[in-house]
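# A structural walkthrough
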Amino acid sequence: CDEYIAILDVNHYRADMDCFIPLMEKFKKTYGFYPKYPVADAGYGSLNNYIYCKLNDMGLYMKFTMFEKETKDEKYHNDPFRAVNFKIENGNMYCPNGKIMKFKYRKAIKDNKYGREEEIYECEDCSNCPFASQCKKTEKNRTIRINKELTEYHKEVIDNLESIHGALLRMNRSIQSEGTFGVMKYDRWYKRTVRKGQLSVNLEIYLVSVGHNLYKFHNKLYRIIQ
């Protein structure tokens, strides 16, 4: 296979999701356009990254944390005590016991770069509720946080990745990225950097990547000659 490393970025971010936007900006700077289908695993599926993709005309093809359970675990997907499954009628939201979930206030979403807010709702009365042990963990009325925008994005991600096109993209990502990591980490025994400092680590990663691409290119030429 010819899985070349097309772009890379070396940073010390606290989580994978923080790597996504800088990497896409570097891709744009290098090639002059954004990738149309940025397929990625669940470490990159965040509200910030989904909004960023929307603003730059990229499709939503990054899994979110509960993607596997949402798509494969029917019990979890249909759980009536999940806030996203609460019934909505005539503009009101109802808990599984038929009580109205009253809107309390809006709250800024932590670490959101686009000024988004989530809505906080509280059940009007949880006393004597037959579902209390399944629905809530405290003695107080059940409260829920609703982020309608993120819920819609999750639905779009599922639709995209569960389509034939999305399944092919996922399969291709697994072959290319995981295959490349496998060659570098297990065939070449390169599992961690040996240098310290940002510049030195950058140099090391670039050299390893260039070596990988030259190896792939050499094999391709050899197959053509043969």
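Please read all numbers here as calculations on a predicted model, not as lab measurements.

Now for the layout of surface pockets. If you add up the space inside the largest pocket, you get close to 1800 Å³. In terms of lining, the largest pocket is formed by 42 residues, of which the most central are Ile7, Leu23, Tyr44, Ser177 and Phe181. Mapped by element, the contributors of at least two residues to the lining of the largest pocket are α1 (20–31), α7 (164–187) and α8 (198–225). For the lining of the largest pocket, the class distribution of residues is 25 nonpolar, 7 polar and 10 charged.

Let us now look at empty space enclosed by the protein. Applying the stated criterion across every chain, the model contains 2 cavities of 30 Å³ or more. By volume, the largest cavity amounts to about 50 Å³. Every residue lining the largest cavity is listed: Met17, Asp18, Ile21, Pro22, Ser46, Asn48, Asn49 and Lys113. Elements with a minimum of two residues in the lining of the largest cavity: α1 and α2 (47–55). For the lining of the largest cavity, the class distribution of residues is 3 nonpolar, 3 polar and 2 charged. Of the pockets and cavities examined, the second largest cavity occupies roughly 40 Å³. What lines the second largest cavity is Cys95, Cys126, Cys129, Ala132, Cys135, Lys136 and Arg142. When the residues that make up the lining of the second largest cavity are grouped by side-chain class, the tally is 5 nonpolar, no polar and 2 charged.

The subject of this paragraph is the sheet that holds strand β5 (residues 143–146). One open sheet holds the 5 strands; their spatial order is β1-β2-β3-β4-β5, and the pairing between them is antiparallel. The sheet is open, and its two edges are formed by β1 (87–89) and β5, each paired on a single side. Neighbour-to-neighbour, the strand axes of this sheet turn through a mean angle of 40°, independent of strand direction. When strand β4 (residues 117–123) meets β5, the two strands line up antiparallel, connected through 4 bridges. Bridge pairing links Glu119 to Ile146 in β5.

Residues of the protein chain with pLDDT of at least 70 account for 99%, and the chain-wide mean is 91. Ranking the elements of the protein chain by mean pLDDT puts α7 last, at 86, and α2 first, at 97.

In this section: the packing of α1 against α2. Running from N to C, α1 and α2 cross one another at 25°; their axes reach a closest spacing of 10 Å. Accordingly, the angle class assigned to the pair α1 and α2 is roughly parallel. Contact with α1, carried on its side by Phe20, Ile21, Met24 and Glu25, involves Asn48, Asn49, Tyr52 and Cys53 of α2 and no other residues of that element. Residue composition of the contact of α1 with α2, grouped by class: 5 nonpolar, 2 polar and 1 charged.

Rules behind the numbers
Residues numbered from 1 in each chain as written. Predicted model: local features only at pLDDT ≥ 70, side-chain atom pairs only at ≥ 80, totals over all residues. Heavy atoms only, no water. 1 Å grid on protein atoms, 1.4 Å probe; cavity = no way out; pocket = protein on both sides within 12 Å on 5 of 7 lines; lining within 4 Å. Points joined across faces, edges and corners; volume = space filled by probe spheres on them. Helix = DSSP H or I, 4+ residues; strand = E, 2+ residues; numbered from the N terminus. Nonpolar A, V, L, I, M, F, W, Y, C, P; charged D, E, K, R; others polar. Pairing = 2+ DSSP bridges. Axes fitted to C-alpha atoms, helices over the stretch in contact; angles between N-to-C directions. pLDDT = per-residue confidence, 0-100. Parallel < 35°, antiparallel > 145°, perpendicular 65-115°, else oblique. Contact = heavy atoms within 4.5 Å.

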